[in-house]
Amino acid sequence: MNEQRPIRTARELIDAGLVAPGDEAAISRVASRYAVAISPAIASLIDRKDANDPIARQFVPNAAELTLTPEERADPIGDGAHSPVPGIVHRYPDRVLLKAVHVCPVYCRFCFRREMVGPQGLGMLTAEELDAAIAYIAEHSEIWEVILTGGDPLVLSPRRLGEIMARLHEIDHVKIVRFHTRVPVVEPERIDADLIAALKASGKATYVALHANHPRELTPEARTATARLIDAGVVMVSQSVLLKGVNDDPAVLADLMRAFVETRIKPYYLHHPDLAPGTSHFRLSIEEGQALVASLRGRVSGLCQPTYILDIPGGHGKAVISASTIAAEGGGCYTVTDFRGQGHAYPPKA
Ligand SMILES: *Cc1c(COP(=O)(O)O)cnc(C)c1O
Ligand code: SF4
C-alpha cells in the first residue's frame, strides 16, 4: 500500500483493506456520486479489525449513501440563497464565508457541502472571481470577520493563502480572519512554518476552527501541529458534528471535548447533522442530541462544553438547540433543572 498519497477509488480502498472485495460495485457507485479521499494519516488511524471503527465510518464510503430520504437537500444549509458573488456567503451582517477552494484532503461521508466539494464540485475560484469576492468584502464596511472555508482552505499553498491574506490586510474594517479546517488532523505535516506565516499574513486576529469528531483524531501528530499554530499566536476553537456510530455516546463525547481542551482548543460548536443527501445513517434525533449534550454538563469541566447548533435548512442561519434547563412558572418564578435532572424553584420558596 502506498501511504504517501490519498486513497480515492474502490479498488484502492479494497487494496488498503478498507472495503470488502465483494462491495466493489456498490462502492464504485458511491464514489462516482460523492468525492472520496482518505489521507495517509487517516488511513493509518483506521482500525481495520473493528467493523464499527468510528474513523472508518467518517471517511470510508458506504453503500448506505445511495439511500436518499425525502427531507434531504442538495444545499442543506442554504448557502446558495445568500451568495452575492461566487465564493462569498453573506448570511449574517458582520461576517462572510470566503470559499476560495472546494477541495478537501479527505472527504467526510456526512459532509453538508458534498454536492459542491470534490473533483466534480465547484473547484477553485478563478483569479477574476477571487478579485470580485475580495472587492465585495472591501465594499461592505459592515464585514468585521472573514471566515475561510470551502472545501478546506488549508489545502491552498502557503503562497496562495499568503496572497489572499495580504489582500485582507489592506481592508481596515476586517478585524478577524477565521479558518475552518481539518488539515491539522488529516494532514498534520502541512502545518509548517510557511503555512503558519501565510495564515497570519493578514495581520488580523487569526482564529482556526478545527473540525474533529472522535477523540482518536487528536493523535500526537495532530496535537503537535495544533500546538505549533497556538504557539504562533493563532487562537483555536473546535467544531464537531454529532454523528450516529461516531460520537453519539456520552463517554466518547466527553473524551473528545477533553481532548480538545487538553490541546488548548476551546470547544465551540457541536453541530446537529445536516440534511445532506445520503447521510440518514448518521442522523440521530434532536432529543438524543440534547440528552448527549446535557450529559456533559456537570460531568466534565465547563471548559469542555460546546454549543449544540442546528443550521436551519433554507439559509436561515444557526440556532442553539440545547434543551432548556429553565421553565417559567409565571409570576417571575421559574423551575431550574440541575445537572442531575432535579428541578429547583427560582427564586427559592421561603
Ligand atoms: C456558520 C456560518 C457562519 C459562522 O457562524 P458563527 O456563529 O459566527 O460561527 C457565518 N456565515 C455563514 C453563512 C455560516 O453558515
Ligand atoms: S472537510 Fe468539511 S467541506 Fe471537506 S468533506 Fe469534510 S465536512 Fe465537507
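Overview of the structure. Just so we're clear, the structure is a prediction, and the values are computed from it rather than from any experiment.

We now examine a negative patch on the surface. A cluster of acidic residues, Asp248, Asp249, Asp255, Glu287 and Glu288, forms a negative patch at the surface. Among the secondary structure elements, aspartate 249 is positioned in the loop between strand S6 (235-241) and helix H10 (250-262).

Around ligand 2, the neighbouring residues are Cys104, Val106, Tyr107, Cys108, Cys111, Gly151, Arg182 and His211. With respect to the pocket detection grid, ligand 2 is positioned in the largest cavity. In terms of residue class, the shell around ligand 2 is built from five nonpolar, two polar and one charged.

Further remarks concern the pattern of salt bridges. Counted according to the given criterion, the structure contains 21 salt bridges. The shortest N-O distance in the salt bridge between glutamate 187 and arginine 190 comes to 3.5 Å. Classification of glutamate 187 as buried rests on a relative accessible area of 15%. Through salt bridges with shared partners, a single network forms among Asp79, Arg91, Lys99 and Arg113.

On to the site of ligand 1. Every residue lining ligand 1 is accounted for by Val89, Arg91, Tyr92, Arg95, Leu97, Ile147, Arg178, Tyr268, Tyr269 and Lys318. Here an oxygen atom of ligand 1 and a side-chain polar atom of tyrosine 268 are 2.6 Å apart. Within the side chain of lysine 318, an N or O atom sits 3.2 Å from an oxygen atom of ligand 1. If ligand 1 stood free it would expose 390 Å²; the protein chains cover 91% of that surface. According to the grid-proximity analysis, the pocket containing ligand 1 is the largest cavity. Mapped onto the shell around ligand 1, the elements with two or more residues apiece are strand S1 (88-92), strand S2 (95-99) and strand S7 (266-271). Broken down by element, the shell around ligand 1 gets its largest block of residues, three residues, from S1. For the shell around ligand 1, a count of residues per class yields six nonpolar, no polar and four charged.

Scanning the entire structure with this criterion turns up two aromatic pairs. With centroids separated by 5.6 Å and ring planes inclined at 80°, the aromatic side chains of phenylalanine 110 and phenylalanine 282 adopt a geometry described as edge-to-face. Linking phenylalanine 110 in the loop between S2 and helix H5 (127-139) with phenylalanine 282 in the loop between S7 and helix H11 (286-296), this pair joins segments that are 172 residues apart in sequence. Each member of the pair, phenylalanine 110 as well as phenylalanine 282, is classed as buried. Geometrically, the ring pair formed by tyrosine 268 and tyrosine 269 is stacked, given 3.9 Å between the ring centres and 15° between the ring planes. The ring of tyrosine 92 has arginine 95 lying over it, and the distance from NZ or CZ to the ring centre is 4.0 Å. Sitting over the ring of tyrosine 34, arginine 114 keeps its end group 3.6 Å from the ring centre.

Looking now at the sheet that holds strand S11 (residues 333-337). With antiparallel pairing, the three strands of this open sheet are ordered in space as S10-S11-S12. Whereas interior strands pair on both sides, the edge strands pair on one side only; in this sheet they are strand S10 (326-330) and strand S12 (343-346). Averaged over neighbouring strand pairs, the angle between their axes works out to 25° when direction is ignored. Here four bridges tie S10 to S11, and the two strands are oriented antiparallel to one another. In the strand pairing of S11, glycine 330 is matched with cysteine 333.

Cut-offs and rules
- Per chain, residues are indexed from 1 in the order of the written sequence.
- Whichever chain is written first becomes A and whichever ligand is written first becomes 1, with later ones labelled in order.
- For this predicted model, a pLDDT threshold of at least 70 governs which residues receive local features, and a threshold of 80 or more governs which side-chain atom pairs are given and counted, while totals over whole chains, interfaces and linings are taken from all residues.
- With hydrogens and water set aside, each side-chain value is computed from the structure's full complement of heavy atoms.
- For patch building, the residue pool is restricted to those with more than 30% relative accessible area and no salt bridge; the joining distance is 9 Å between like charges and 5 Å between nonpolar side chains (Val, Leu, Ile, Met, Phe, Trp, Tyr).
- Only the protein chains shown count as cover for residues, and all accessible areas are computed by the Shrake-Rupley method using a 1.4 Å probe.
- Every case where a carboxyl oxygen of Asp or Glu lies within 4 Å of a side-chain nitrogen of Lys or Arg is listed as a salt bridge.
- Counted as positive: Lys and Arg. Counted as negative: Asp and Glu, with His and the chain ends omitted from the count.
- Charged groups are reduced to one reference atom each: NZ for lysine, CZ for arginine, CG for aspartic acid, CD for glutamic acid.
- Strands are runs of DSSP state E lasting at least 2 residues, helices are runs of H or I lasting at least 4, and numbering of each runs from the N terminus.
- To be near a molecule or strand, a residue needs just one of its heavy atoms within 4 Å of it.
- A pocket, in this scheme, is an open set of points on a 1 Å grid over the protein atoms alone with protein on both sides within 12 Å along at least 5 of 7 lines, while a cavity is a set where a 1.4 Å probe fits but cannot get out; residues line either one if an atom lies within 4 Å of a point.
- Any molecule with more than half of its atoms within 2 Å of a cavity's or pocket's grid points is regarded as sitting in that cavity or pocket.
- All residues other than Ala, Val, Leu, Ile, Met, Phe, Trp, Tyr, Cys, Pro, Asp, Glu, Lys and Arg, Gly among them, are scored as polar; the first ten of these are nonpolar and the last four charged.
- Exposure classes here rest on a 1.4 Å probe applied to the protein chains alone. A residue is buried below 20% of its type maximum, exposed above 50%, and partly exposed in between.
- Polar contact is defined as a pair of N or O atoms within 3.5 Å, subject to the rule that within protein one atom must be able to donate a hydrogen and the other to accept it, and that residues adjacent in sequence are counted only when both atoms are side-chain atoms.
- Ring geometry is summarised as follows: Phe, Tyr and Trp rings, the Trp one being its six-membered ring, pair when their centres sit within 6.5 Å, and such pairs are stacked at plane angles under 30 degrees, edge-to-face over 60 and tilted between the two.
- Only when the NZ atom of a Lys or the CZ atom of an Arg is both within 6 Å of the ring centre and within 35 degrees of the ring normal do we say a charge sits over the ring.
- At least two DSSP bridges between two strands are required for those strands to pair.
- Orientation is described by lines fitted to C-alpha atoms, with helices fitted over the stretch in contact, and by angles between N-to-C directions that extend from 0 to 180 degrees.

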